[in-house]
Amino acid sequence: MKNNNSIWDFFASVKLALSTLFLLSITSIIGTIIPQKETAQQYIERYGEATANLFQILSFTPDMYSSVWFQSLLGLLCFNIIICSLDRFPGVWRQIKADNLNTPLNRLEKMTPQHQWQSHNPPESVASSLKSSLNTSGWKAEERTVDNGILLFAQKGAMTRTGVYIVHASILVIFIGAIIGSALGFKGSVMLPETRATDKIYTFDTQTPVALGFEVRCDRFNIEFYDNGMPKSYRSQLTVLENGKVVKEKAIVVNDPLVHKGITFYQSSYQPYQEFMLTITNKKTGVSETAIVSYQEQHSFKESGLRSGIINAEGRGENISRMKIWFTDDKGEPSLFWLDDGEQVTVERTTNNYTVSAKQMYATGLQVAKDPGVWTVYTGCFMMILGLIVAFFMSHQRIWLYIREEEDNTSSILMAGNANKNKAGFESTLQALAERINKV
Amino acid sequence: MESSQLIGITTFTYLFSTILYAAIFIFKAKRLETTATIFTVIALLIQTAGIGLRWMESYQMGIGRAPLTNMYESVVFFAWTIIFIYLIIEWRFKTRVIGAFAVPFAFLAMAYASFSSEITKEISPLIPALQSNWLIAHVVTCFIGYAAFAIAAALGIMYLIKNTSETRQSTNDTTLLGSLPPLKVIDDITHKTMVFGFLWLSIGIITGAIWANSAWGTYWSWDPKETWSLITWFFYAITLHARYTRGWGGTRIAWLALIGFISVLFTYYGVNFLLSGLHSYGAN
Ligand code: HEM
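Residues numbered from 1 in each chain as written. Chains lettered and ligands numbered in written order. Predicted model: local features only at pLDDT ≥ 70, side-chain atom pairs only at ≥ 80, totals over all residues. Heavy atoms only, no water.

Section: the overall build of chain A
For the record, the criterion: Put simply, DSSP H or I for four residues or longer makes a helix, DSSP E for two residues or longer makes a strand, and each gets a number counted from the N terminus. Only C-alpha atoms enter the radius of gyration, while the globule expectation follows 2.2 Å times N to the 0.38, with N the number of residues. Residue exposure (1.4 Å probe, protein chains only): buried if accessible area is under 20% of the type maximum, exposed if over 50%, otherwise partly exposed. We call two residues in contact whenever any of their non-hydrogen atoms come within 4.5 Å of each other.
Secondary structure assignment for chain A yields 10 helices and 19 strands. Against the compact-globule benchmark of 22 Å for 440 residues, chain A has a radius of gyration of 37 Å, which places it well outside the compact range. Its C-alpha atoms give chain A principal-axis dimensions of roughly 125 × 60 × 45 Å. Looking at the 440 residues of chain A, the share that counts as buried comes to 45%. Counting contacts in chain A only where the partners sit at least 6 residues apart, residues at least 24 apart contribute 56% of the total.

What follows is the structure, encoded as structure tokens:
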């Protein structure tokens, strides 16, 4: 893979990586100072015509982070990572797969840290007992006969050398996920009044309608408040319909969306109406009727003589919490009573009893997203954390033991080793190991 | 006893810790070493109790939630994490003078939380968007990262101070700065702390993205807070690469540790007050 030309070297260099990362950091600041995604008019009001124009030419507005030059910088970073990895990875792979029993003996003699000792026993028996005690210490040793003796080798964490490459690859995976999301997905929203269904939504950027391929209906929207007036929860009861048949039902709240066929519906906002859902049930016949009535407007129900309306309401801002109901069945004086939002009461009339419930009408604001790249992005994130842990905290440790045959069938042992990281830690590991095994 | 009292006490105990560690550093008061550590551990325990109590109080108020969701609580947790990580470093590297540089950060954070008029100490309930376990994971992991970077900055300052004197006079245990660890050791601990912080900042950014995706369907929207966390992340990535692949060390890394922490402060604090965006909830 290694081409000896300067273009390759340029794109494989860490210098380029440092410059790109630096440029990305500096330019990213611009878009945090100049508000993004405002209208041309807002920019002119804020900065004046000339500056606003300049910003637009430089793509600082309205959306710097999706501008060609910013995306190119991100692309350059990815390209840099790819070339750098192609440049270096084969070498690292060779190191992982290296035949370490082939290491020249004179290199072992120069290696630090190292320990030496003697044994009265011949190399073969020393080798086999060293091997077994290395094994009990968690080091699996291989063995080979070399000049004047036997060489043992054991290693740990060879694969940890790939940690850095997992981190670098993870960045590419995240970008691939982002590209999949923007190519095959959409982000939009829809305002859905209670009781209504929709089969399309509108994209954020261009407001173009996107067909869902199914229908979503909002059956009910509820808002709850804390005692101090802060909103506690927004909840929409949603129903998914395919060809008019109910296929899924779920109450969504912020942080807990509904997913159907890869499209996710998030609770994001709401819109209160000056209209009310009034439900009246005849207790005797069991017949129930629901009507949508405007504020202070009388509604005549199908059952003859039945009329009702909301004559007064109280609440917080536009959110009604109590309302005053006017109700009559044309038999006697009309009933007047207060009702909490969503509450149901029984109204006793001269000849019959009715249950009445009333609820303010809302539309729920749904954010709708399809992003088939999310799991790729999450996979990349997972790889990054894994790779960082491996790259930062794990090392490749190698130990050689050269058992040289001396006169009188005795042996001298040279133990040497190295680690690619945390060398101080490895030194004491080797020291402890030497003390444990040189007694055998 | 209320949580606010316990947390208030912590401000003074960390001030006292700072004084103890400063005495160890300046007067070489070796006898104070154990005292300083024990005192700081007790201060940490008091603060832990305070945070725990605040958690319980939120349940008594009927709005039970982790005490990690507004500016006041996050500054308190920031101080807690600084002390916690500092104590680990003290134990791991067997050196106490770092305390004279790191503990003041916790004290300053607590002093700001306690006395600033900009932030409220009230336990307020959570708006719907903040009711998520991912938010807790996000805040905790980010602050572990931030605290590590604070300590790295403290070490950077220590390095720069020691370095100015070292060029003039040789290391001599009788001089004021002689009691600081050797430059090489400071450099090594600075680097390790930054690596630790980088890992946690990465996890923090990722958990934040997962939270955003579960709440709004967008894991990344380039809002100022997100962007600044990424800028900070880029900055530390540059620092790590400069060290690993270009052999940077010593003074340069010390300066980068300082500049990096300024970026952290801006991400954490500056964005809320100077810029606008999704995360501006933190301003109250
Ligand atoms: C935001 C982007 C990047 C991140 C988060 C990142 C992350 C890392 C990390 C954490 C290490 C430390 C490895 C260790 O502990 O030994 C590392 C090393 C390295 N990175 Fe990156 N990196 C990024 C971009 C790049 C780019 C664009 C290049 C292209 C040249 C590059 C080249 C290297 C090299 C050569 C090493 C040293 C490898 C070794 O020790 O063998 N990095 N990177």
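Next comes the rest of the description.
Concerning the sheet that holds strand 1 (residues 114-119) of chain A
Hydrogen bonding along the main chain pairs the strands of a sheet, whether they run parallel or antiparallel. Residues and elements named next belong to chain A. Condition: Two strands are said to pair when DSSP picks up at least two bridges between them. An axis is simply a line fitted to the C-alpha atoms; with a helix, the fit covers only the stretch in contact. Between two such axes, the angle follows the N-to-C directions and lies from 0 to 180 degrees.
In spatial order, the strands read 1-19-18-3-2; together these 5 strands make up an open sheet with antiparallel pairing. The open sheet has two free edges, formed respectively by strand 1 and strand 2 (141-146), since each of these has just one partner strand. Across the sheet, the mean angle separating the axes of adjacent strands is 20 degrees when strand polarity is ignored. With 9 bridges connecting them, strand 18 (residues 397-405) and strand 19 (residues 411-419) associate as antiparallel partners. Note that in strand 19 the partner of tryptophan 400 across the bridge is alanine 416. Against the sheet, helix 10 (residues 423-437) engages strand 1, strand 18 and strand 19, with an angle of about 155 degrees to strand 19.

A few points about a nonpolar patch on the surface
All names here are of chain B. As a reminder, the rule being used: Patch members must show over 30% relative accessible area and no salt bridge, and they are joined within 9 Å when carrying like charges or within 5 Å when they are nonpolar side chains of Val, Leu, Ile, Met, Phe, Trp or Tyr. Here the accessible surface of atoms and residues is derived via Shrake-Rupley with a 1.4 Å probe, and residues count as covered only by protein chains that are part of the display. When a carboxyl oxygen of Asp or Glu is within 4 Å of a side-chain nitrogen of Lys or Arg, the pair counts as a salt bridge.
A grouping of Phe12, Leu15, Phe16, Ile19 and Phe115 is seen on the molecular surface, where their side chains present a nonpolar patch of about 510 Å² in accessible area. Residue contributions to the nonpolar patch peak at 4 residues, all from helix 1 (residues 3-26). Structurally, phenylalanine 115 is set in helix 4 (residues 98-115). Under the relative-accessibility criterion, phenylalanine 115 is labelled exposed at 56%.

Description of the coordination of the iron atom of the ligand
Formally: The donor set comprises N, O and S atoms within 2.8 Å of the metal, extended to 3.2 Å for Na, K and Ca; water molecules are omitted, so apparent gaps in a site may simply reflect that omission. Just to be clear on the cut-offs, tetrahedral is four donors with all angles between 85 and 135 degrees, square planar is four donors and octahedral six with opposite donors over 155 degrees apart and all others between 65 and 115, and anything else goes down as irregular.
Every protein donor of the iron atom of the ligand is accounted for by His168 of chain A (NE2) and His241 of chain B (NE2), and the metal-donor separations fall at 1.9 Å. For the iron atom of the ligand, the 6 donor atoms in the first shell make angles of 86 to 179 degrees at the metal, a pattern classed as octahedral. Of this pair, histidine 168 of chain A sits in helix 8 (residues 163-184) while histidine 241 of chain B sits in helix 7 (residues 224-246), which puts the two residues in different chains. The buried category is assigned to histidine 168 of chain A, whose relative accessible area is 18%.

Describing the packing of helix 6 (residues 183-216) of chain B against helix 7 of chain B
All names here are of chain B. As a reminder of what qualifies: Crossing handedness is read from the near helix: turned anticlockwise from the far helix by less than a right angle, it gives a left-handed crossing, and turned clockwise, a right-handed one. For this classification, Asp, Glu, Lys and Arg are treated as charged, while Ala, Val, Leu, Ile, Met, Phe, Trp, Tyr, Cys and Pro are nonpolar and the rest, including Gly, are polar.
Packing of helix 6 against helix 7 leaves a shortest axis separation of 10 Å and a crossing angle of 145 degrees. When the axes of helix 6 and helix 7 are compared, the crossing they make is left-handed. Here helix 6 contributes Asp187, His191, Met194, Val195, Phe198, Leu201, Ser202 and Ile205 to the contact with helix 7, which in turn contributes Ser229, Leu230, Thr232, Trp233, Tyr236, Ala237, Thr239, Leu240, Arg243 and Tyr244. Looking at the contact of helix 6 with helix 7 residue by residue, the classes come out as 11 nonpolar, 5 polar and 2 charged.

Re the interface of chain B and chain A
The extent of an interface is frequently quoted as the accessible surface area lost upon association of the parts. Here is the rule: Whenever a nitrogen or oxygen atom comes within 3.5 Å of another N or O atom, the pair is scored as a polar contact, on the condition that within protein one atom can donate a hydrogen and the other can accept it, and that pairs from neighbouring residues in sequence are kept only if both atoms are in side chains.
On the chain A side, the residues contacting the 42 residues of chain B number 43 residues. Put simply, chain B and chain A have 0 salt bridges between them. Between chain B and chain A we count 11 residue pairs in polar contact (both at pLDDT 80 or more) in total. The set of elements that each furnish at least two residues to the side of chain B that touches chain A consists of helix 6 and helix 7 of chain B.

So, the pattern of salt bridges
Residues and elements named next belong to chain B. Tallying each qualifying case throughout the model produces 18 salt bridges over all chains. Of the charged contacts in the structure, one is a salt bridge between glutamate 33 and arginine 96, with a shortest N-O distance of 3.3 Å. Separated by 63 residues along the polypeptide, glutamate 33 in helix 2 (residues 32-60) and arginine 96 in the loop between helix 3 (71-93) and helix 4 bring together distant segments of the chain. Exposure remark for arginine 96: the relative accessible area of 22% places this residue in the partly exposed category. Close ionic contact of aspartate 188 with lysine 192 constitutes a salt bridge, the shortest N to O distance being 3.0 Å. Of this pair, aspartate 188 and lysine 192 both sit in helix 6, 4 residues apart, roughly one helical turn. Accessibility expressed as a relative area gives 30% for aspartate 188, which makes it partly exposed. For lysine 192, a relative accessible area of 36% puts it in the partly exposed group.

Some points on the confidence of the model for chain B
Residues and elements named next belong to chain B. As a reminder, the rule being used: The predictor attaches a confidence to each residue, called pLDDT, with possible values from 0 through 100.
Looking at chain B as a whole, its pLDDT mean stands at 88, while 93% of the residues score no less than 70. Low pLDDT, under 50, characterises residues 277-284; the predicted model gives this stretch 21 contacts beyond four residues in sequence or across chains. Interface scoring of the predicted complex returns ipTM 0.91; its pTM is 0.89.

Notes on the pairing of strand 8 (residues 245-253) of chain A
The side chains of a regular strand alternate, residue by residue, between the two faces of the sheet. All names here are of chain A. Here 8 bridges tie strand 7 (residues 231-242) to strand 8, and the two strands are oriented antiparallel to one another. Bridge pairing in strand 8 places leucine 238 opposite lysine 250. The turn linking strand 7 back onto strand 8 is made up of 2 residues, and asparagine 243 within it adopts a positive phi angle of 50 degrees.

A few points about the site of the ligand
Applied cut-off: Neighbouring residues are identified by heavy atoms, a residue being near a molecule or strand if any of them is within 4 Å of it.
Near the ligand, the surroundings consist of 21 residues, among which Cys84, His168 and Ile171 of chain A together with His241 and Tyr244 of chain B are the closest. The ligand sits at the junction of chains A and B, each of which supplies nearby residues. Histidine 168 of chain A is positioned with one of its side-chain polar atoms (N or O) 2.7 Å from a nitrogen atom of the ligand. Elements supplying a minimum of two residues to the shell around the ligand: helix 2 (14-33), helix 5 (68-97), helix 8 and helix 9 (374-393) of chain A together with helix 7 of chain B. Looking at which element gives the most residues to the shell around the ligand, the answer is helix 5 of chain A, with 5 residues.

Quick notes on unusual backbone geometry
Residues and elements named next belong to chain A. The omega torsion of the bond from threonine 61 to proline 62 falls at -5 degrees, within 30 degrees of zero and hence cis. Along the chain, proline 62 falls in the loop between helix 4 (49-57) and helix 5. Proline 113 follows threonine 112 through a cis peptide bond whose omega is -5 degrees. Here proline 113 is to be found in the loop between helix 6 (105-110) and strand 1. Unlike most non-glycine residues, asparagine 409 shows phi in positive territory, near 60 degrees. Within the fold, asparagine 409 resides in the loop between strand 18 and strand 19. The class of asparagine 409 is partly exposed, set by a relative accessible area of 43%.

Some thoughts on helix 2 of chain B
All names here are of chain B. To be explicit about the condition: Here a helix's expected span is defined as the number of its residues, less one, multiplied by 1.5 Å.
Here helix 2 contains 29 residues, and its C-alpha end-to-end distance of 41 Å stays within 8% of the 42 Å for a straight helix at 1.5 Å per residue. Those residues of helix 2 that fall on the buried side of the exposure criterion are Ala36, Thr37, Thr40, Ala43, Leu44, Gln47, Gly50, Ile51, Arg54, Glu57 and Ser58. Looking at the buried residues of helix 2, the elements they touch are helix 1, helix 3 and helix 4. Where helix 2 terminates, the next one or two residues include glycine 62, which has phi positive at roughly 80 degrees.

Quick word on the domain arrangement of chain B
Residues and elements named next belong to chain B. The line we're drawing: Note that the domain bounds were set by an automatic or database domain assignment. Take the accessible area each of two parts loses on contact, using a 1.4 Å probe, and add the two losses: that sum is the buried area.
Under the domain assignment used here, chain B contains domain 1 (1-116) and domain 2 (132-284). Relative to domain 2, the C-alpha centre of domain 1 lies at a distance of 19 Å. In this complex, domain 1 contributes 25 residues to the contact, which on the side of domain 2 involves 37 residues. Contact between domain 1 and domain 2 buries roughly 2600 Å² in total, counting both sides, with carbon and sulfur atoms accounting for 83%. On the domain 1 side of the contact with domain 2, Met71, Phe78 and Phe101 bury the most area, a combined 24% of that side's loss. The interface formed by domain 1 and domain 2 holds 0 salt bridges in total. Linking domain 1 with domain 2 are 3 residue pairs in polar contact (both at pLDDT 80 or more). Secondary-structure elements contributing two or more residues to the side of domain 1 that touches domain 2 are helix 1, helix 3 and helix 4. For the side of domain 1 that touches domain 2, the element with the highest residue contribution is helix 3, accounting for 11 residues.

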